[in-house]
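Here is how the chains run, residue by residue.
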Amino acid sequence: MMQSLNQADDWLLEVNNMSCGYGDGSVVKDVSFALSHGDIGCLLGPSGCGKSTILRALAGFLPLNTGEISLQGTSISLPGKTLAPEKRRIGMVFQDYALFPHLTIAENVGFGLRSESRSEKKQKVAELLEVVHLQDLANNYPHELSGGQQQRVALARALAPEPTLILLDEPFSNLDADLRRRLSLDVREILKTLGISAILVTHDQQEAFAMCDQVAVLKDGGIQQWDVPYNLYHEPANRFVAGFVGQGGFIPGKTLGPDTIESELGVIRGNRAYRWETGTLVDVLIRPDDIVYDADSDLKPKVVEKTFAGTSTLYRFRCSEDTEFEALFRSHLDFHLGEYVPVRVEADHLIAFERT
Ligand code: ADP
Ligand code: MG
């Protein structure tokens, strides 16, 4: 009893069996997860799977059909009881920065500070602008800033009222790839320095992995797996997670033993044991980094596609109509379409699912 109470106190945010949606139906179905103090969680999934809907429920804009949301051990949403958004101490940052165009950067950041005295407010705004590295632009207006700078203003504004939790809904999707990567790392560092917990919504797996401690992979309003990035990649719970997280595809195989599968790429042995009977038909996940060039190999699939990417080249190989896979080689290993290339599987994580 004591232990379960302690456990509950340790979570910053707890979502249990939550369902919610628009009108009668539920778009989000039976979602459960918990976030520790100071952690950054992520909702990752394809467009339309319900990520923003979950954030709306967390923020208090959407009532629950079933389940419960608790923040710091206090229930904030139950069916028929929704604590008002302004009473939750939850900050939000959206894709369109939604800054006030006629207010300066400093005024934007200080906008939510109502109870502070003028001098307190001024000091707090100055501190926050320093945290997001915009102290020199305090008196500028939003249109004078780049997209990345505007998003940092939006973050500073959300941080100003000292929220318990920050929700970020695809905050970087209006920015180009380079800036996205840099800003996501910046934001992670800012949140970690301040010890503020956050939930990031994104459809970009790299962003999720770079920025978050825990990631929920969502499909059709349900959580497929809630785990650390390493496990999502190496120990995906099901075929959807395996396909959505990271690159790769499946080839057909047949089990020879609990950790051994026979396929057109030869016998593949892995580090996890399955409970299948020998002879079970399975699909084996092959990631591009599982395949290595080996001049001595008898396995010589044919190059059917080639995508040059600077330091590396992505090849698509074919053994037969059923068995195609991709491989990523350093770009000095240069093969042409139609060439037969000796390769070998070098996968320490064997991931396979029973053929259905
Ligand atoms: P995501 O953020 O993952 O792209 P959303 O949570 O926005 O997905 O949407 C999930 C589902 O809910 C979609 O099918 C979408 O059409 C529907 N939806 C979103 N907003 C509304 C709304 N205001 N009214 C009715 N349906 C909505
Ligand atoms: Mg959305």
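For the structure itself, consult the block above.
Parameters and conventions
- Residues numbered from 1 in each chain as written.
- Chains lettered and ligands numbered in written order.
- Predicted model: local features only at pLDDT ≥ 70, side-chain atom pairs only at ≥ 80, totals over all residues.
- Heavy atoms only, no water.
- Phe/Tyr/Trp six-rings, centres within 6.5 Å; stacked < 30°, edge-to-face > 60°.
- Helix = DSSP H or I, 4+ residues; strand = E, 2+ residues; numbered from the N terminus.
- Buried < 20%, exposed > 50% of the residue type's maximum accessible area, 1.4 Å probe, protein only.
- Lys NZ or Arg CZ within 6 Å of the ring centre and 35° of its normal.
- Expected span 1.5 Å × (residues − 1).
- Arc of directions from axis to C-beta.
- Contact = heavy atoms within 4.5 Å.
- Near = heavy atom within 4 Å.
- Polar contact = N/O pair within 3.5 Å; in protein donor to acceptor, adjacent residues only side chain to side chain.
- Areas by Shrake-Rupley, 256 points an atom, 1.4 Å probe, with all protein chains shown as cover.
- Nonpolar A, V, L, I, M, F, W, Y, C, P; charged D, E, K, R; others polar.
- Pairing = 2+ DSSP bridges.
- Salt bridge = Lys/Arg side-chain N within 4 Å of Asp/Glu carboxyl O.

(A) Representation of the packing of aromatic side chains in the model. Under the criterion given, the structure shown has 12 aromatic pairs. Each ring, one from Phe240 and one from Phe244, has its centre 5.6 Å from the other, and the planes form 10 degrees; the classification is stacked. Placement of both Phe240 and Phe244 in helix 9 (residues 239-244) is noted, with a separation of 4 residues, approximately one turn of the helix. Judged by relative accessible area, which is 22%, Phe240 ranks as partly exposed. A ring pair is formed by Tyr315 and Phe335, whose centres lie 5.7 Å apart and whose planes are at 55 degrees; its orientation type is tilted. Taken together, the residues Tyr315 in strand 18 (residues 312-318) and Phe335 in the loop between strand 19 (324-330) and strand 20 (343-345) connect sequence positions 20 residues apart. Classification of Phe335 by relative accessible area gives buried; the value is 9%. Among the aromatic residues, those joined into a cluster by ring pairs are Tyr293, Tyr315, Phe317, Phe325, Phe329 and Phe335. Of note, Arg114 hangs over the ring of Phe111, and the distance from its end group to the ring centre comes to 5.4 Å. Just above the ring of Phe250 sits the side chain of Arg239; from NZ or CZ to the centre is 5.6 Å.

(B) Quick peek at helix 4 (residues 118-131). Between its first and last C-alpha atoms helix 4 spans 20 Å; for 14 residues at 1.5 Å apiece the expected length is 20 Å, and the two agree. Lys124, Val125, Leu128 and Leu129 are the residues of helix 4 that are buried. Mapping the buried residues of helix 4 onto a view down its axis gives an arc of 135 degrees, with all of them on the same face. Exposed side of helix 4, more than 90 degrees from the buried face: Ser119, Lys122, Gln123 and Glu130 are the residues found there. Elements in contact with the buried residues of helix 4: helix 3 (105-110) and helix 5 (147-159). Of the residues flanking the end of helix 4, it is His133, one or two places downstream, whose phi is positive at about 60 degrees.

(C) Fine view of unusual backbone geometry. Look at Asp30: it is not a glycine, yet its phi comes out positive at around 55 degrees. Its location among the elements puts Asp30 in strand 2 (residues 28-36).

(D) Region of interest: the site of ligand 1. Taken together, the neighbourhood of ligand 1 is formed by Tyr22, Val27, Pro46, Ser47, Gly48, Cys49, Gly50, Lys51, Ser52, Thr53 and Arg56. Here a nitrogen atom of ligand 1 sits 3.5 Å away from a polar atom, N or O, in the side chain of Tyr22. A distance of 2.9 Å separates an oxygen atom of ligand 1 from a polar atom in the backbone of Lys51. Against a free-state accessible area of 560 Å², the protein chains account for coverage of 56% of ligand 1. Of the residues contributing to the shell around ligand 1, the split by class is 4 nonpolar, 5 polar and 2 charged.

(E) Seen up close, the pairing of strand 13 (residues 260-263). Across 4 bridges, the pairing between strand 12 (residues 249-257) and strand 13 is antiparallel. In the sheet register, Lys254 faces strand 13, and the bridge partner there is Glu262. Remark: 2 residues form the turn of the hairpin made by strand 12 and strand 13, two consecutive strands paired antiparallel. Hairpin connection between strand 13 and strand 14 (residues 266-269): a loop of 2 residues separates the two successive antiparallel strands.

(F) Up close: the pattern of salt bridges. Enumeration according to the criterion identifies 15 salt bridges in this entry. The salt bridge partner of Arg180 is Glu207, with a shortest N-O separation of 3.0 Å. Of this pair, Arg180 sits in helix 6 (residues 177-194) while Glu207 sits in helix 7 (residues 205-211), and the two are 27 residues apart along the sequence. Between Arg355 and Asp283 there is a salt bridge, with the nearest N and O atoms lying 3.0 Å from each other. With a gap of 72 residues between them, Arg355 in the segment after strand 21 (352-354) and Asp283 in strand 15 (residues 281-286) connect regions that are remote in the sequence. According to the relative accessible area criterion, Arg355 is partly exposed, its value standing at 34%. By relative accessible area, which is 11% here, Asp283 ends up buried. Each of Arg316, Arg318, Glu324 and Glu326 takes part in salt bridges that share partners, so that together they form one network.

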